[in-house]
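A structural walkthrough
Listed here are the chains, written in short residue letters.
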Amino acid sequence: MDLQDGFIAAMENEKLIYGVLKRLHIYITNDNYQDFFQEALIIYAESYVEYQRKNQPMDKFNVYIFQKLVWRLTDLLRKEQTFFNVHSLEVFDFDRVEQEESDKMLSEINLDNLTEPERRLFFDCFIEKIPLVKLSSKYHCSARNLRYKRNFLREKLCKMLS
(Lines give C-alpha, C1' and ligand atoms only; values in the text may rest on other atoms or scores of the structure.)
Protein backbone atom coordinates (compact mmCIF):
# COMPACT_ATOMS: atom_id res chain seq x y z
CA MET A 1 0.00 0.00 0.00
CA ASP A 2 1.53 3.32 -1.04
CA LEU A 3 0.53 6.96 -0.82
CA GLN A 4 -0.93 6.95 -4.33
CA ASP A 5 -3.65 4.57 -3.15
CA GLY A 6 -4.38 6.99 -0.32
CA PHE A 7 -4.81 9.86 -2.76
CA ILE A 8 -7.10 7.77 -4.95
CA ALA A 9 -9.23 6.97 -1.89
CA ALA A 10 -9.24 10.66 -0.91
CA MET A 11 -10.41 11.73 -4.35
CA GLU A 12 -13.15 9.10 -4.29
CA ASN A 13 -14.33 10.41 -0.91
CA GLU A 14 -14.19 14.16 -1.61
CA LYS A 15 -17.67 14.65 -0.10
CA LEU A 16 -16.29 13.78 3.33
CA ILE A 17 -13.57 16.42 2.94
CA TYR A 18 -16.11 19.00 1.81
CA GLY A 19 -18.21 18.08 4.85
CA VAL A 20 -15.25 18.71 7.17
CA LEU A 21 -14.58 22.08 5.55
CA LYS A 22 -18.23 23.01 5.89
CA ARG A 23 -18.28 21.93 9.53
CA LEU A 24 -15.31 24.19 10.26
CA HIS A 25 -16.97 27.08 8.39
CA ILE A 26 -14.30 27.15 5.71
CA TYR A 27 -16.24 28.21 2.64
CA ILE A 28 -15.22 28.74 -0.95
CA THR A 29 -15.17 32.50 -0.29
CA ASN A 30 -12.22 31.98 2.08
CA ASP A 31 -8.96 33.03 0.41
CA ASN A 32 -7.24 29.86 1.63
CA TYR A 33 -10.05 27.44 0.73
CA GLN A 34 -8.01 25.52 -1.86
CA ASP A 35 -5.05 25.34 0.53
CA PHE A 36 -7.22 23.80 3.24
CA PHE A 37 -8.73 21.39 0.73
CA GLN A 38 -5.29 20.28 -0.48
CA GLU A 39 -4.08 19.90 3.10
CA ALA A 40 -7.14 17.76 3.88
CA LEU A 41 -6.40 15.56 0.85
CA ILE A 42 -2.83 15.01 2.05
CA ILE A 43 -3.94 14.22 5.60
CA TYR A 44 -6.59 11.83 4.26
CA ALA A 45 -4.09 10.01 2.03
CA GLU A 46 -1.48 9.63 4.76
CA SER A 47 -4.06 8.47 7.30
CA TYR A 48 -5.54 5.99 4.83
CA VAL A 49 -2.18 4.34 4.25
CA GLU A 50 -1.40 4.30 7.97
CA TYR A 51 -4.84 2.84 8.77
CA GLN A 52 -4.37 0.11 6.14
CA ARG A 53 -0.95 -0.83 7.51
CA LYS A 54 -2.41 -1.35 10.98
CA ASN A 55 -4.96 -3.77 9.48
CA GLN A 56 -7.86 -2.05 11.19
CA PRO A 57 -11.44 -2.54 9.95
CA MET A 58 -12.16 -0.13 7.09
CA ASP A 59 -15.83 0.23 8.01
CA LYS A 60 -14.82 2.58 10.86
CA PHE A 61 -12.34 4.58 8.78
CA ASN A 62 -14.77 7.34 7.74
CA VAL A 63 -15.59 8.21 11.36
CA TYR A 64 -11.90 8.15 12.26
CA ILE A 65 -10.76 10.29 9.33
CA PHE A 66 -13.59 12.80 9.75
CA GLN A 67 -12.58 13.51 13.33
CA LYS A 68 -8.88 13.55 12.47
CA LEU A 69 -9.47 16.07 9.66
CA VAL A 70 -11.55 18.27 11.97
CA TRP A 71 -8.77 18.35 14.56
CA ARG A 72 -5.89 18.89 12.12
CA LEU A 73 -7.68 21.61 10.12
CA THR A 74 -8.71 23.31 13.36
CA ASP A 75 -5.03 23.38 14.31
CA LEU A 76 -4.21 24.93 10.94
CA LEU A 77 -6.92 27.56 11.42
CA ARG A 78 -5.46 28.43 14.82
CA LYS A 79 -1.97 28.74 13.34
CA GLU A 80 -3.30 30.98 10.60
CA GLN A 81 -5.11 33.20 13.12
CA THR A 82 -2.01 33.42 15.32
CA PHE A 83 0.13 34.33 12.32
CA PHE A 84 -2.36 37.00 11.30
CA ASN A 85 -2.46 38.44 14.82
CA VAL A 86 1.33 38.66 14.99
CA HIS A 87 1.97 39.86 11.45
CA SER A 88 -0.90 42.28 10.98
CA LEU A 89 -0.11 44.97 8.43
CA GLU A 90 -2.66 47.40 9.78
CA VAL A 91 -0.87 50.73 10.19
CA PHE A 92 -3.31 52.18 12.69
CA ASP A 93 -3.87 49.10 14.81
CA PHE A 94 -3.47 50.75 18.21
CA ASP A 95 -4.42 47.59 20.14
CA ARG A 96 -1.12 45.94 19.22
CA VAL A 97 1.07 49.00 19.64
CA GLU A 98 2.17 50.14 23.06
CA GLN A 99 0.77 53.43 24.30
CA GLU A 100 4.11 55.23 23.96
CA GLU A 101 4.45 54.25 20.34
CA SER A 102 0.89 55.28 19.56
CA ASP A 103 1.51 58.64 21.27
CA LYS A 104 4.66 59.07 19.19
CA MET A 105 2.76 58.19 16.01
CA LEU A 106 -0.01 60.64 16.91
CA SER A 107 2.54 63.40 17.51
CA GLU A 108 4.00 62.80 14.04
CA ILE A 109 0.60 63.31 12.43
CA ASN A 110 -0.13 66.95 11.83
CA LEU A 111 -3.85 67.15 12.42
CA ASP A 112 -3.88 70.69 11.03
CA ASN A 113 -3.46 69.17 7.57
CA LEU A 114 -6.75 67.36 7.99
CA THR A 115 -10.13 68.93 7.43
CA GLU A 116 -12.56 69.04 10.35
CA PRO A 117 -14.64 66.10 9.06
CA GLU A 118 -11.43 64.11 8.49
CA ARG A 119 -10.29 64.83 12.06
CA ARG A 120 -13.61 63.66 13.47
CA LEU A 121 -13.49 60.53 11.32
CA PHE A 122 -9.88 59.89 12.39
CA PHE A 123 -10.75 59.98 16.08
CA ASP A 124 -13.97 58.01 15.67
CA CYS A 125 -12.54 55.28 13.42
CA PHE A 126 -8.94 54.86 14.51
CA ILE A 127 -8.89 56.04 18.12
CA GLU A 128 -12.38 55.26 19.43
CA LYS A 129 -12.85 52.31 17.03
CA ILE A 130 -16.53 53.00 16.52
CA PRO A 131 -17.97 50.68 13.83
CA LEU A 132 -18.81 52.29 10.50
CA VAL A 133 -22.44 51.22 10.78
CA LYS A 134 -22.86 53.29 13.94
CA LEU A 135 -20.91 56.18 12.46
CA SER A 136 -23.12 56.19 9.39
CA SER A 137 -26.09 57.23 11.52
CA LYS A 138 -23.96 59.81 13.32
CA TYR A 139 -22.70 61.36 10.06
CA HIS A 140 -25.97 60.79 8.17
CA CYS A 141 -24.38 58.91 5.28
CA SER A 142 -23.98 55.30 4.18
CA ALA A 143 -21.41 52.91 5.64
CA ARG A 144 -20.07 52.43 2.11
CA ASN A 145 -19.44 56.16 1.81
CA LEU A 146 -17.71 56.20 5.19
CA ARG A 147 -15.56 53.22 4.20
CA TYR A 148 -14.44 55.15 1.13
CA LYS A 149 -13.64 58.23 3.24
CA ARG A 150 -11.83 56.12 5.85
CA ASN A 151 -9.67 54.45 3.21
CA PHE A 152 -8.88 57.83 1.65
CA LEU A 153 -7.96 59.16 5.10
CA ARG A 154 -5.76 56.11 5.78
CA GLU A 155 -3.86 56.71 2.54
CA LYS A 156 -3.47 60.39 3.39
CA LEU A 157 -2.11 59.55 6.84
CA CYS A 158 0.30 57.00 5.40
CA LYS A 159 1.69 59.67 3.09
CA MET A 160 2.10 62.01 6.08
CA LEU A 161 4.01 59.37 8.04
CA SER A 162 6.35 58.40 5.22
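Attention here is on the structure that accompanies the text.

Cut-offs applied
Residues numbered from 1 in each chain as written. Predicted model: local features only at pLDDT ≥ 70, side-chain atom pairs only at ≥ 80, totals over all residues. Heavy atoms only, no water. Buried < 20%, exposed > 50% of the residue type's maximum accessible area, 1.4 Å probe, protein only. Helix = DSSP H or I, 4+ residues; strand = E, 2+ residues; numbered from the N terminus. Arc of directions from axis to C-beta. Contact = heavy atoms within 4.5 Å. Core = buried A, V, L, I, M, F, W, Y, C linked by side-chain atoms within 4.5 Å. Patch = residues over 30% accessible without salt bridge, like charges linked within 9 Å, V, L, I, M, F, W, Y side chains within 5 Å. Areas by Shrake-Rupley, 256 points an atom, 1.4 Å probe, with all protein chains shown as cover. Salt bridge = Lys/Arg side-chain N within 4 Å of Asp/Glu carboxyl O. Axes fitted to C-alpha atoms, helices over the stretch in contact; angles between N-to-C directions. Parallel < 35°, antiparallel > 145°, perpendicular 65-115°, else oblique. Nonpolar A, V, L, I, M, F, W, Y, C, P; charged D, E, K, R; others polar. Phe/Tyr/Trp six-rings, centres within 6.5 Å; stacked < 30°, edge-to-face > 60°.

1. What about helix α1 (residues 3-12)?
- Of all the residues in α1, the buried ones are G6, A9 and A10. Burial along α1 is one-sided: seen end-on, the buried residues are contained in an arc of 100 degrees. Of the exposed residues in α1, those oriented more than 90 degrees away from the buried face are Q4 and E12.
- As for α1, its buried residues are in contact with α2 (14-23) and α3 (33-53).

2. Regarding the nonpolar core
- Core analysis: the biggest nonpolar cluster contains 22 residues, and I17, V20, L21, Y44, L69 and L73 have the highest contact counts within it.
- When residues of this core are traced back to their parent elements, those giving at least two are α1, α2, α3 and α4 (61-86).
- Of all the elements, α3 adds the most residues to this core, at nine residues.
- Those residues in contact with Y44 that lie beyond four places of it in its chain are G6, A9, A10, N13, L16, I17, F61, N62, I65 and L69.
- Counting residues in each nonpolar core, the second largest holds 13 residues, with I109, C141, L153 and L157 among its members.

3. With respect to the environment of I130
- Assignment of secondary structure puts I130 in the loop between α6 (116-127) and α7 (132-139).
- Classification of I130 by relative accessible area gives partly exposed; the value is 28%.
- Not counting residues within four places of it along the chain, the set of residues in contact with I130 comprises D124, C125 and L135.

4. Some thoughts on a nonpolar patch on the surface
- Taken together, the side chains of L3, F7 and I42 define a hydrophobic patch exposed on the protein surface, amounting to about 220 Å² of accessible area.
- Here I42 is to be found in helix α3.

5. What about the packing of α7 against helix α8 (residues 143-161)?
- Packing of α7 against α8 leaves a shortest axis separation of 8 Å and a crossing angle of 100 degrees. Taken together, the axes of α7 and α8 are roughly perpendicular relative to one another. Two secondary-structure elements touch here, α7 through L132, L135, S136 and Y139 and α8 through A143, L146, R147 and R150.
- Class assignment for the residues of the contact of α7 with α8 results in five nonpolar, one polar and two charged.

6. Considerations on the packing of aromatic side chains
- Taken as a whole, this structure holds nine aromatic pairs when the rule is applied.
- Centroid distance Y18 to F37: 5.1 Å. Interplanar angle 20 degrees. Geometry classified as stacked. Linking Y18 in helix α2 with F37 in helix α3, this pair joins segments that are 19 residues apart in sequence.
- By relative accessible area, which is 37% here, Y18 ends up partly exposed.
- Centre to centre, the rings of F122 and F123 are 5.3 Å apart; their planes meet at 75 degrees, and the pair counts as edge-to-face.
- With a relative accessible area of 0%, F122 lands in the buried category.

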